[in-house]
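# Survey of secondary and tertiary structure
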Amino acid sequence: MPSQNIQWFPGHMAKTRRLISENIKLVDIVIELIDARIPQSSKNPEIPTMCAIRPVLTLFNKSTLADQSVTKKWIEQYKAEGRHALAIDCVTGDGLKNIAPACREILSEKLERYEAKGMAGRKIRAMIVGIPNVGKSSLVNKLSGSKKARVEDRPGVTMSKQWVTTNIGIELLDMPGILWPKFEDETIGENLAFTGAIKDAILDTETLAGKLCDRLLKTAPDKFCTRYKLEASKLEGLKPHELLAAVARKRGFLISGGELDTERASAIVLDEFRSAKIGRISLERPWDTCMTETEAE
């Protein structure tokens, strides 16, 4: 299977960069959502620079799809570096009750100044940022108790900024999802594609699913082999497209003439990974990845 260099930067994302820069002074804090399965790849490296004048609370969303022990290690690393982080899941509601207290703690000195000026009732204003399909709109709807933000399980749905009032003392400024112009590391693009942050329509899904099989075999071999009833010893040395073919063969996916239906297998593998049917899997672990200087600041 040919390699594909994954890049995706629609015009509205350039607009989002301008919106963040223009509106950052209107908020007290930035709430950044990342995908707990790929904390490095789903963290836009431009956010620290664009949001430098405000504190950032990073939410490891979709945590119920990730390996719980790995997410815990990520949170510990963030805290050791003096950064603020929580594990949440916008679908199940896990961890959402901790967001408001965390914001108040981070902004404690600022809130004390407001109180001294007789502004004790002033609501905290937070900007929600993150890459496409990371769960921003779902978070907004959960915290507001309504369906104010359009939610779909595909990237590029929220197209403009919108203010939303919540019942937890925070006003949210929801921003469209933003990727960055070029992924310097090919693995970053693949991770984003594996988790659905990049539209499948622009990708060769069979190539993508084959690479995902290869990554799962290396990262979570027991879960991958158990799900597809494969023997790890028989998979050694197989190329990505051969691993996908092995899945198709085990599932009995055939087309006319007895040829393996790898297209159907690719859709199954991608869907079952994204829905955690294969298991709770983290593709990035802190002990495998070095933080860049920009992210560590």
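Residue positions within a chain follow its written sequence, with the count starting from 1. Only residues with pLDDT of at least 70 are given local features in this predicted model, and only at 80 or more are side-chain atom pairs given and counted; all residues enter the totals for whole chains, interfaces and linings. Remark: hydrogens and water are excluded; side-chain values derive from all non-hydrogen atoms of the structure.

### Considering the overall build of the chain
- Helix and strand definitions follow DSSP, with helices as H or I runs of at least four residues and strands as E runs of at least two, each counted in order from the N terminus. Within the chain, the regular secondary structure consists of 12 helices and six strands.
- Residues counted as buried form 51% of the 297 residues belonging to the chain.
- Taking the intrachain contacts of the chain between residues at least 6 apart in sequence as the baseline, contacts between residues at least 24 apart amount to 71%. Each residue gets one of three labels from its accessible area relative to the maximum for its type: buried under 20%, exposed over 50%, partly exposed in between, using a 1.4 Å probe on protein chains only. Any two residues whose heavy atoms approach within 4.5 Å at even a single point are treated as in contact.

### Points about the environment of W74
- Residue placement: W74 occurs in helix α3 (residues 68–80).
- According to the relative accessible area criterion, W74 is buried, its value standing at 0%.
- Between the alpha carbons of W74 and E284 there is a distance of 9.6 Å; along the sequence they are 210 residues apart.

### Side note on the packing of aromatic side chains
- Between the rings of Phe, Tyr and Trp (Trp by its six-membered ring), a pair exists once the centres lie within 6.5 Å; its type follows the angle of the planes, with under 30 degrees stacked, over 60 edge-to-face, and the other angles tilted. Per the stated rule, a full pass over the model turns up two aromatic pairs.
- When the NZ atom of lysine or the CZ atom of arginine is within 6 Å of a ring's centre and also within 35 degrees of its normal, the charge is said to sit over that ring. A cation sits over an aromatic face here: R83 above Y78, 3.8 Å from the ring centre.
- One Lys or Arg, R125, reaches over the ring of W163 and ends 5.1 Å from the middle of that ring.

### Side note on the pairing of strand β1 (residues 29–35)
- With seven of seven residues buried, β1 lies mostly within the body of the structure.
- Where burial is concerned, the two faces of β1 agree: the one with I29, I31, L33 and D35 and the one with V30, E32 and I34 are both buried.
- In this description, strands pair whenever DSSP reports at least two bridges between them. Note: β1 against strand β4 (residues 124–130), five bridges, orientation parallel. Looking at β4, one finds that L33 is bridged to G130.
- Two elements, β1 and strand β2 (residues 56–61), share six bridges in a ladder whose sense is parallel. Residue pairing in the sheet places I31 in a bridge with L57 of β2.

### Some remarks on helix α6 (residues 136–144)
- Across the nine residues of α6, seven count as buried, placing the element largely inside the fold.
- Among the residues of α6, K136, S137, L139, V140, N141, L143 and S144 are the ones counted as buried.
- For α6, the secondary structure elements touched by its buried residues are β1, β2, α4 (99–106), β4, β5 (162–165) and β6 (170–174).
- Remark: G145 follows α6 within two positions and exhibits a positive phi of approximately 70°.

### Structural notes on the confidence of the model for the chain
- Confidence of the predictor in every single residue is expressed as pLDDT, which spans 0 to 100. Counting all residues, the mean pLDDT for the chain is 85, and 84% of those residues have values of 70 or more.
- Predicted confidence for residues 149–159 stays below pLDDT 50, and this span has 31 contacts to residues more than four positions away or in other chains.
- Within the model, pLDDT remains below 50 along residues 290–297, and this stretch shows 12 contacts once partners closer than five positions in the same chain are excluded.

### Things to note about the pattern of salt bridges
- Here, a salt bridge means any Lys or Arg side-chain nitrogen found within 4 Å of an Asp or Glu carboxyl oxygen. Following the criterion strictly, the structure yields 12 salt bridges and no others.
- The salt bridge partner of R125 is E171, with a shortest N-O separation of 3.1 Å. Linking R125 in strand β4 with E171 in strand β6, this pair joins segments that are 46 residues apart in sequence.
- Through salt bridges with shared partners, one network takes in E186, E190 and K211.

### Some remarks on the side chain of E284
- For E284, the position within the fold is in the loop between α11 (262–274) and α12 (293–296).
- Positive charges come from Lys and Arg, negative ones from Asp and Glu, while His and the chain ends are left out of the count. Notably, E284 is buried but unbridged: the nearest opposite-charge side chain belongs to R215, and the N-O separation is 5.9 Å.
- A distance of 3.1 Å separates a polar atom in the side chain of E284 from a polar atom in the side chain of N191.
- If near-sequence neighbours (up to four positions away) are discounted, E284 is found in contact with R37, I38, P39, Q40, S41, V70, W74 and N191. N or O atoms within 3.5 Å of each other form a polar contact, as long as, within protein, one can give a hydrogen and the other can take it, and as long as residues adjacent in sequence are counted only when both atoms are side-chain atoms.

### Comments concerning the sheet that holds β1
- A sheet is described by the order of its strands in space; here six strands give the open sequence β3-β2-β1-β4-β6-β5, paired in mixed fashion. Edge positions in the sheet fall to β3 (84–87) and β5, since each has one partner strand and no second. On average, each strand axis in the sheet is inclined to that of its neighbour by 25°, with strand direction left out of account.
- Of the strands in this sheet, β1, β2 and β3 are in contact with α3, which crosses β3 at around 165°. Helix axes are fitted only over the stretch in contact, all axes being lines through C-alpha atoms; the angle between N-to-C directions runs from 0 to 180 degrees.

### Concerning the nonpolar core
- The nonpolar core is taken to be a set of buried Ala, Val, Leu, Ile, Met, Phe, Trp, Tyr and Cys residues, with the residues joined through side-chain atoms within 4.5 Å. Membership of the largest hydrophobic core comes to 57 residues, with the highest contact counts inside it found for I31, L59, I99, L139 and F224.
- Here the element with the most residues in this core is helix α8 (residues 205–219); it accounts for six residues.
- Other than its neighbours up to four places away in sequence, L139 contacts I31, L33, L59, I88, C90, L96, I99 and I128.
- Grouped together as the second largest cluster of nonpolar side chains are 13 residues, M50, M127, M175 and I178 included.

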